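The chain contents come next:
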Amino acid sequence: MSIELIVLDVDGTMTDGKITYSQNGDEVKSFCVKDGLAIASWVKLGKQVAIITGRSSKIVERRAKELGIEHFYQGIHNKREVLETLLDELNLTMENVASIGDDLNDYKMLDSAKMAFVPANASHYVLKIADVQLTSRGGDGAVREMIEQLIVLEGLEEQYLKLWY
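Summary of the structure given here. (Residues numbered from 1 in each chain as written. Predicted model: local features only at pLDDT ≥ 70, side-chain atom pairs only at ≥ 80, totals over all residues. Heavy atoms only, no water.)

Let's shift gears to helix 1 (residues 33-44). Spanning 12 residues, helix 1 covers 16 Å between terminal C-alpha atoms, matching the ideal 16 Å at 1.5 Å per step. Inspection of helix 1 places Asp35, Gly36, Ala38, Ile39, Ser41 and Trp42 among the buried residues, and these make up the whole buried set. Contacts made by the buried residues of helix 1 are with strand 1 (5-8), strand 4 (48-52), helix 2 (58-66), helix 6 (142-153) and helix 7 (157-162). A positive backbone phi angle near 85 degrees is found at Gly46, which sits one or two residues after helix 1. (Helix = DSSP H or I, 4+ residues; strand = E, 2+ residues; numbered from the N terminus. Expected span 1.5 Å × (residues − 1). Buried < 20%, exposed > 50% of the residue type's maximum accessible area, 1.4 Å probe, protein only. Contact = heavy atoms within 4.5 Å.)

Ranked by size, the top nonpolar core spans 29 residues in total, and within it Ile6, Leu8, Ile39, Phe117, Met146, Ile147 and Leu150 carry the most contacts. For this core, the leading source of residues is helix 6, giving 6 residues. Setting aside residues no more than four positions away along its own chain, Leu150 makes contact with Ile3, Ile6, Trp42, Ala98, Met115 and Phe117. Counting residues in hydrophobic clusters, the runner-up holds 14 residues, among them Ile52, Leu86, Leu87 and Leu92. (Core = buried A, V, L, I, M, F, W, Y, C linked by side-chain atoms within 4.5 Å.)

Turning our attention to helix 2. When we look at burial in helix 2, the residues that qualify are Val60, Arg63 and Ala64. Across the axial projection of helix 2, the buried residues extend over an arc of 100 degrees, all falling on one side. Turned more than 90 degrees off the buried face of helix 2, the exposed positions are Lys58, Arg62 and Lys65. Contact partners of the buried residues in helix 2: helix 1, strand 4 and strand 5 (71-73). If you check the start of helix 2, you find a side-chain oxygen 3.1 Å away from the backbone N of Ile59, and it comes from Ser57. Positive phi appears at Gly68, one or two residues downstream of helix 2, with a value of about 75 degrees. (Arc of directions from axis to C-beta. Polar contact = N/O pair within 3.5 Å; in protein donor to acceptor, adjacent residues only side chain to side chain.)

Glancing now at the sheet that holds strand 8 (residues 132-133). Reading across the sheet, the 6 strands line up as 5-4-1-6-7-8 and stay open at both edges, with parallel pairing between neighbours. Single-partner strands in this sheet number two, and they are strand 5 and strand 8. (Pairing = 2+ DSSP bridges.)

The phi angle at Asn91 is positive, at roughly 55 degrees, despite the residue not being glycine. The topology assignment puts Asn91 in the loop between helix 3 (79-90) and strand 6 (97-100). Overall, the relative accessible area of 69% leaves Asn91 in the exposed class.

On to the pattern of salt bridges. Taken as a whole and judged by the stated rule, the model has 12 salt bridges. Across the pair Glu27 and Arg55 runs a salt bridge, and its minimum N-O distance is 2.9 Å. With a gap of 28 residues between them, Glu27 in strand 3 (residues 27-28) and Arg55 in the loop between strand 4 and helix 2 connect regions that are remote in the sequence. Its salt-bridge partner being Glu66, residue Arg62 comes within 3.3 Å of it at the nearest N-O pair. Of this pair, Arg62 and Glu66 both sit in helix 2, 4 residues apart, which is roughly one turn of that helix. (Salt bridge = Lys/Arg side-chain N within 4 Å of Asp/Glu carboxyl O.)

In short, geometric facts, not functional conclusions.
In structure tokens:
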């Protein structure tokens, strides 16, 4: 079985986990462009991406649209439950899933996926169940590192590189 779907947490994974508020109350988040390029490449390879996040944010919604992420879920308490519903819709199983998360609210989702990745600065509780602890921190290329490891494992390096040369 191959990995057909990657599931991304946001805060602490796609971002550094910090939430900044302006004086007007606007929320500010920073995303790693390198992660974005890898996500877009994964999609171009015909693979699926889902964001399942516990918080709700217009900024994250915008980023998902920019990257062409079709499966986008915000304000989710039980991430595994949402993932199971999505898998039914896509006719996939957990054997087709790689996920990345950094904290306790990701635990069930990470524990269910075929491959669980965590950023270098993840909670020690999720480190215990992770298949791969990445060397990159959340918001600083962790998603890129995960995707590039999957590309090697799936034998997709040549196709991945051809997207860009």
